[in-house]
Amino acid sequence: MLKFLMLIILCSVLPTNHYDSSFNNYTRKLLNNELSEESLIENEKCVNLANEFEDLLNNYNNTRSVVYTTINGYGGIYIDNENILNINQTEENGVDYMAMAQSINDEEVEIKVNNVSFSLNYLMDIKEFLDKNLSYKINSMYISQAENKIFVSVSNSGDINYINEQLSSYIGVFDQNVIVYTIEENENELTSSIKASQTIYCNEKTTFFAFGVA
């Protein structure tokens, strides 16, 4: 538990329109007011394996060409409600992520590989374009690797149309299903976007550590 508590102390939640997209996000939602010691331990094993897998994947990509790294079909990684480590990939991806993850799975964490529509690179490319060019139209924004989408809050429906038009001009064939919009007429001082590296869920009885965006 000491290591677990130290991880909590080192975490920071940063409410802001923009986050450091160099981090990938792991999500484990809080199901109950009480979390057992066993659940916390299993979650920590998942987080550790996720970190190790990301390091392994980065090393793997670095041995390939820049072109391969750019077009690879890795769709992200997250921890679900059952403490299962989920790895996303697009259907055209030929890398065996299950074998890669199992090769370092000393703690025998349960792993699942999911086919998704969008690669993480595609999500990040759209996020970066919106950050650089259309941030004045956006109240808050974050990537959910669990849902394989970008969530964007704007002030009115006109902003949605304008953003989609700009993305279509930038990307060409733009799949609008990649973004989930919500309309908030009044921009909050602290928006719903957070730094993507780590999240802390809290209630009156429990402090819970996980990585990612809720």
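Predicted model, so just to flag it, every value in this text is computed and none were measured.

Reading guide: rules and limits
For every chain, the first residue of its written sequence is number 1, and the numbers climb from 1 along that sequence. Per-residue local features of the predicted model are confined to residues with pLDDT of at least 70, and side-chain atom pairs are confined, for both listing and counting, to 80 or more; whole-chain, interface and lining totals are unaffected and use all residues. For the side-chain quantities, the full set of heavy atoms in the structure was used; hydrogens and water were omitted. By definition, two strands form a pair when at least two bridges between them are found by DSSP. Numbering goes from the N terminus for both helices and strands, where a helix is a DSSP run of H or I of at least four residues and a strand is a run of E of at least two. Here an angle of 0 to 180 degrees is reported between the N-to-C directions of two axes, which are lines fitted to C-alpha atoms, with helices fitted over the stretch in contact. In what follows, a contact means two residues having at least one pair of non-hydrogen atoms within 4.5 Å. What a helix is expected to span follows from its residue count: subtract one and scale by 1.5 Å. Counted as a polar contact is a pair of N or O atoms within 3.5 Å, where, for protein atoms, one must be capable of donating a hydrogen and the other of accepting one, and residues adjacent in sequence contribute only when both atoms are in side chains. Any two rings among Phe, Tyr and Trp, with Trp reduced to its six-membered ring, count as a pair given centres within 6.5 Å; such a pair is stacked if its planes are under 30 degrees apart, edge-to-face if over 60, and tilted if neither. Type-normalised accessible area, obtained with a 1.4 Å probe on protein chains alone, sets the label of each residue: buried when under 20%, exposed when over 50%, and partly exposed for intermediate values. When the strands point away from the viewer and the path from the first strand over the helix to the second turns clockwise, the crossover is right-handed.

**Brief notes about the sheet that holds strand S6 (residues 179-183)**
Thinking step 1. With respect to topology, three strands assemble into an open sheet ordered S4-S5-S6, the strand pairing being mixed. The open sheet has two free edges, formed respectively by strand S4 (140-144) and S6, since each of these has just one partner strand. When the angles between neighbouring strand axes are averaged without regard to direction, this sheet yields 15°.
Thinking step 2. Summarising the sheet, S4 and strand S5 (residues 149-154) pair through five bridges and their orientation is antiparallel. Residue pairing across strands places Ser-140 opposite Ser-153, the latter belonging to S5.
Thinking step 3. Running over the sheet, helix H5 (residues 120-133) touches S4, S5 and S6 and is turned about 170° from S4.
Thinking step 4. With respect to the sheet, helix H6 (residues 157-171) is in contact with S5 and S6, its orientation differing from that of S6 by roughly 155°.

**A short note on H5**
Thinking step 1. In this model H5 runs 20 Å from its N-terminal to its C-terminal C-alpha over 14 residues, within 8% of the 20 Å that 1.5 Å per residue would give.
Thinking step 2. In this structure, the buried side of H5 is in contact with strand S1 (74-79), S4, S5, H6 and S6.

**A closer look at the sheet that holds S1**
Strands pair in a sheet through their backbones, by hydrogen bonds, and they do so in one of two ways: parallel or antiparallel.
Thinking step 1. Taken together, the three strands give an open sheet; going across it, the order is S1-S2-S3, and neighbouring strands pair in mixed fashion. Of all the strands in the sheet, just S1 and strand S3 (111-116) have a single pairing partner and so form its edges. Put simply, the sheet's adjacent strands are angled 20° from each other on average, direction ignored.
Thinking step 2. Bridge count for S1 against strand S2 (residues 85-90) is five bridges, and the pairing is antiparallel.

**With respect to the side chain of Asn-88**
Thinking step 1. Take Asn-88: it is sitting in strand S2.
Thinking step 2. Only 2.8 Å separates the side chain of Asn-88 from the backbone oxygen of Gln-145, close enough to count as a polar contact.
Thinking step 3. Apart from residues lying up to four places away in sequence, Asn-88 is in contact with Gly-73, Tyr-74, Gly-75, Gly-76, Tyr-78, Tyr-97, Asn-114, Val-116 and Gln-145.

**A word on the side chain of Asn-164**
Thinking step 1. Relative to the assigned elements, Asn-164 resides in helix H6.
Thinking step 2. Residues within four places of Asn-164 in sequence aside, it is in contact with Phe-174, Gln-176 and Tyr-181.

**A closer look at the packing of aromatic side chains**
Thinking step 1. The final tally for this structure, using the stated rule, is six aromatic pairs.
Thinking step 2. Consider the rings of Phe-53 and Tyr-74, whose centres lie 6.2 Å apart with planes at 45°: the pair is tilted. Residue Phe-53 is located in helix H2 (residues 37-62), and its partner Tyr-74 is located in strand S1; the two are separated by 21 residues in the primary sequence. Like Tyr-74, Phe-53 is buried.
Thinking step 3. Plain terms: the ring middles of Tyr-74 and Tyr-97 are 5.6 Å apart, the flat faces sit at 70° to each other, and that makes the pair edge-to-face. Residue Tyr-74 is found in strand S1, and its partner Tyr-97 is found in helix H4 (residues 97-102); the two are separated by 23 residues along the sequence. You'll find Tyr-74 and Tyr-97 in the same group, each marked buried.
Thinking step 4. Grouped by ring-pair contacts, the aromatic residues Phe-53, Tyr-74 and Tyr-97 constitute a single cluster.

**Quick notes on the pairing of S5**
Thinking step 1. Within S5, five of the six residues are buried, leaving the element largely enclosed by the surrounding structure.
Thinking step 2. Hairpin geometry of S4 and S5 is characterised by an intervening segment of four residues between the two adjacent antiparallel strands and by a positive phi of about 55° at Asn-148.
Thinking step 3. Traced from S5 through H6 to S6, the parallel crossover comes out right-handed.

**Thoughts on the pairing of S6**
Thinking step 1. Sheet analysis places S5 next to S6, joined by five bridges and oriented parallel. If you follow Ile-150 over to S6, its bridge partner there is Ile-179.

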